[in-house]
Amino acid sequence: MLNLFSRKTKIQDSNGYKYRLALDIGTEYMKAVIVEYNASESNIVGYGRVQQRYSDMMGGAIANIQGVLQTARKAVELAQQETPHEPIDAIVGIAGEFVKGVMTTLDEERKEPTERISIKELEILIEKAQQLAYRQGREELIRSTGVSNLEIELVNTALVEVKIDGYKVSNPYQFQGKNISLSLFNTYAPLVNVGPLATVVEGLGYQLVGTIAEPYAVANSILTDEACEFGAIVVDIGGGTMDVALIRNGGIEGTMMVGIGGRSFTRKIARELNITLRDAEELKLRYSHNQLPPDMTKEIRDMIIPDLHLLFDGLEMALTELARGNALPPRIYFCGGGSALKGLIDGVKEKRIHERLPFFKKPDIYMLKAEELDRINDPDNLVSGEENVTPRALALQAAFLTTQNLLDQRLA
Ligand SMILES: Nc1ncnc2c1ncn2[C@@H]1O[C@H](COP(=O)(O)OP(=O)(O)OP(=O)(O)O)[C@@H](O)[C@H]1O
Ligand SMILES: [Mg+2]
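Computed from a predicted model, the values in this text were never measured in an experiment. (Residues numbered from 1 in each chain as written. Chains lettered and ligands numbered in written order. Predicted model: local features only at pLDDT ≥ 70, side-chain atom pairs only at ≥ 80, totals over all residues. Heavy atoms only, no water.)

> How do you make sense of the overall build of the chain when you look at a structure like this?
Each helix and strand in the chain was counted, giving eleven helices and 16 strands. In terms of C-alpha radius of gyration, the chain reaches 22 Å, essentially the compact-globule figure of 22 Å for 412 residues. Its C-alpha atoms give the chain principal-axis dimensions of about 80 × 60 × 40 Å. The buried share among the 412 residues of the chain stands at 53%. In the chain, of all internal contacts separated by at least 6 residues, the share reaching a separation of at least 24 is 69%. Carbon and sulfur atoms make up 49% of the accessible area of the chain, which amounts to about 19400 Å² in all. Averaging the positions of the 45 positive and the 56 negative side-chain charges in the chain gives two centres separated by 2 Å. (Helix = DSSP H or I, 4+ residues; strand = E, 2+ residues; numbered from the N terminus. Rg over C-alpha atoms; globule rule 2.2 N^0.38 Å. Buried < 20%, exposed > 50% of the residue type's maximum accessible area, 1.4 Å probe, protein only. Contact = heavy atoms within 4.5 Å. Areas by Shrake-Rupley, 256 points an atom, 1.4 Å probe, with all protein chains shown as cover. Lys, Arg positive; Asp, Glu negative; His and termini not counted. Charge placed at Lys NZ, Arg CZ, Asp CG, Glu CD.)

> Got a minute to help me understand the packing of aromatic side chains in this structure?
How two aromatic rings sit relative to each other is set out by the distance from centre to centre and by the angle between their planes. Within the structure shown, the criterion is met by two aromatic pairs. For the ring pair Tyr 333 and Tyr 366, a centre distance of 6.2 Å and an interplane angle of 85 degrees mean the geometry is edge-to-face. Placement of the pair is Tyr 333 in strand S15 (residues 331-335) and Tyr 366 in strand S16 (residues 364-367), with a sequence separation of 33 residues. Against the face of Tyr 29 rests Arg 49, its NZ or CZ located 3.8 Å from the ring centre. We note Arg 375 situated over the ring of Phe 400; from NZ or CZ to the ring centre the distance is 5.7 Å. (Phe/Tyr/Trp six-rings, centres within 6.5 Å; stacked < 30°, edge-to-face > 60°. Lys NZ or Arg CZ within 6 Å of the ring centre and 35° of its normal.)

> It is not clear to me how the pairing of S16 should be interpreted in this structure. Could you clarify?
Each regular strand displays side chains that alternate between the two surfaces of the sheet. As paired strands, S15 and S16 are joined by four bridges and run parallel to one another. The partner of Arg 331 across the bridge, within S16, is Asp 364. (Pairing = 2+ DSSP bridges.)

> Is there a simple way to think about the confidence of the model for the chain in this case?
The predicted coordinates of low-pLDDT regions are not to be read in fine detail. Here the chain shows a mean pLDDT of 88. Residues at 70 or above account for 92%. The spread of mean pLDDT over the elements of the chain runs between helix H11 (residues 406-411), the lowest at 41, and helix H1 (residues 65-80), the highest at 98. The model gives residues 1-11 a pLDDT under 50, and that stretch makes 22 contacts with residues more than four places away or in other chains. Confidence drops under a pLDDT of 50 for residues 403-412, and excluding neighbours within four residues, the segment shows 24 contacts in the predicted structure. (pLDDT = per-residue confidence, 0-100.)

> When you look at the packing of helix H4 (residues 214-222) against helix H10 (residues 389-400) in this model, what are you seeing that I'm missing?
When two helices pack together, their arrangement is given by the angle between the helix axes and the distance between those axes. The geometry of H4 relative to H10 is characterised by a closest axis approach of 8 Å and an angle of 75 degrees between their N-to-C directions. Classed by the angle they form, the pair H4 and H10 counts as roughly perpendicular. Contacts between H4 and H10 pair Glu 214, Ala 217, Val 218, Asn 220 and Ser 221 from the former with Val 389, Thr 390, Ala 393, Leu 394, Leu 396 and Gln 397 from the latter. Its residues placed into classes, the contact of H4 with H10 shows six nonpolar, four polar and one charged. (Axes fitted to C-alpha atoms, helices over the stretch in contact; angles between N-to-C directions. Parallel < 35°, antiparallel > 145°, perpendicular 65-115°, else oblique. Nonpolar A, V, L, I, M, F, W, Y, C, P; charged D, E, K, R; others polar.)

> Is there a simple way to think about the sheet that holds strand S13 (residues 242-248) in this case?
Strands belonging to one sheet form pairs held by backbone hydrogen bonds; the direction of such a pair is parallel or antiparallel. Within the open sheet, the five strands sit side by side as S14-S13-S12-S15-S16. Their pairing is mixed. Both edges of this open sheet fall to strand S14 (251-258) and S16, since each of them pairs with a single strand only. Direction aside, neighbouring strands of the sheet carry axes that sit 20 degrees apart on average.

> Can you help me understand helix H2 (residues 119-145) in this one?
Each α-helix winds once per 3.6 residues, and so residues spaced three or four apart point in a common direction. The end-to-end C-alpha distance of H2, which contains 27 residues, comes to 38 Å, matching closely the 39 Å that a straight helix rising 1.5 Å per residue would cover. Along H2, the positions that sit buried rather than exposed are Leu 122, Leu 125, Ile 126, Ala 129, Ala 133, Gly 137 and Leu 141. (Expected span 1.5 Å × (residues − 1).)

> Explain the site of ligand 1 here, please?
Lining the immediate surroundings of ligand 1 are 22 residues, of which Thr 27, Tyr 29, Lys 31, Glu 281 and Lys 284 lie closest. A distance of 3.2 Å separates an oxygen atom of ligand 1 from a polar atom in the backbone of Gly 240. Contact with the protein chains covers 92% of the free accessible surface of ligand 1, which is 660 Å². (Near = heavy atom within 4 Å. Polar contact = N/O pair within 3.5 Å; in protein donor to acceptor, adjacent residues only side chain to side chain.)

> Looking at this model, I keep getting lost on the environment of Ala 63. Mind explaining?
Locating Ala 63 in the fold gives a position in the loop between strand S5 (61-62) and H1. When sequence neighbours within four positions are dropped, the list of residues in contact with Ala 63 reads Ser 55, Asp 56, Met 57 and Met 58.

> Any chance you could explain the sheet that holds strand S9 (residues 167-169) here in plain terms?
Across the sheet, four strands lie side by side as S7-S10-S8-S9; this open sheet has antiparallel pairing. A strand with exactly one partner marks an edge of an open sheet, and here the two such strands are strand S7 (100-109) and S9. When strand polarity is set aside, the average angle formed by the axes of neighbouring strands in this sheet is 35 degrees.

> How do you make sense of unusual backbone geometry when you look at a structure like this?
The bulk of non-glycine residues show a negative phi, and the bulk of peptide bonds are trans. Unlike most non-glycine residues, Asn 274 shows phi in positive territory, near 55 degrees. Here Asn 274 is to be found in the loop between helix H6 (262-273) and helix H7 (277-288). A residue is classified by how much of its surface remains accessible, and Asn 274, at 73% relative accessible area, is exposed. A positive phi angle is found at Arg 352, which is not glycine, with a value near 50 degrees. Position of Arg 352 relative to the elements: it lies in the loop between helix H9 (344-350) and S16. Using a relative accessible area of 38% as the deciding quantity, one classes Arg 352 as partly exposed.

> What is the right way to look at the pattern of salt bridges in this model?
Once their charged atoms are close, side chains differing in charge can pair, the charge on each being opposite to the other. Counting across every chain of the model gives 18 salt bridges. Between Arg 53 and Asp 56 there is a salt bridge; the shortest N-O distance is 3.0 Å. According to the relative accessible area criterion, Arg 53 is partly exposed, its value standing at 41%. Across the pair Glu 161 and Lys 163 runs a salt bridge whose closest N-O atoms are separated by 3.8 Å. (Salt bridge = Lys/Arg side-chain N within 4 Å of Asp/Glu carboxyl O.)

This is the structure:
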């Protein structure tokens, strides 16, 4: 049991390392990762995964805070068994479907064009741009949800572009000029979705230092800065839902949620064979791992094909909606345990969706594994496979968040 009163005795900063917890509150599984990091490297040192109680999560959101908190305690306990170092602060992931990305550009005329731009001046400008972005983000979310007194929270912020007198610069520090324009990409979520995440993290006894949109964490962990600007589509198929996110211009441009995930297939098998969900889950995994005799394999395949087609259609509809007639990026990354279902990725490829959607060229369709996110080390191989892409991406963000002050990020 995590002792909430032992804060002062917690071991921090040993060998120059700091420790932090990354929490992925999934519909099917709660995952906790402990990372250690310093200025030059970051390592995964603890991992725990615990199945959620069935009704604690609904459609990717927390439905019972106390229930989820209990499960989170167990996951943290497991992670903590692997390391004596106890983090003080934590970051938590928020599912893509709850967030909204807003690009805002602030144009300012400088009073003293010959003065060199200072860090102080930039900080003031960024703050102004963020206030503008907050107002615009709130207006957009109010429009899309129809709730007029909606409270929102800032989830992520990225400085996308700086121009001085029309010229794009990568670092405006010490430049001279009259007109400066800053483009920020901010991500917001309604308070009703962000609040419970913070309550769980604080209930565990950690200080929450960041809420990170999951598809953004994944994209940011696999793509170079350049590719991130060019864009990607991240599809996370978890237990409950399929989240489709369009990443463009260095941020999440839009997200769509389709209510089909790993559980849908388990439920179907349980119903058809009249067996428990637990047995159906095991059968499904054995099917996926080619561990069933041929006749059973065929039986399961025939059983799940209609739902697989629903999923493919859902994906195509989500992408049509997200594209809004504009070109889609040529890379689709799949992650999440549900995407490991045998036949799913091949099925997506066979659908040839690019023939009906605005792709410039046939997109690369790729299934991610957590171990490919190698900007963070995992010496004991704790966090691998399809179902751990998001927790590992969050762990990576947790390790980099400190140095990732908005200015450091772009102006270093
Ligand atoms: N090899 C596999 N084949 C088929 N399904 C799998 C495989 N591995 C994991 N799954 C399924 O993946 C699902 C869990 O995935 P994951 O841990 O990504 O979900 P989650 O993060 O808890 O849910 P969500 O992201 O929807 O909130 C379960 O339904 C599980 O049956
Ligand atoms: Mg998930």
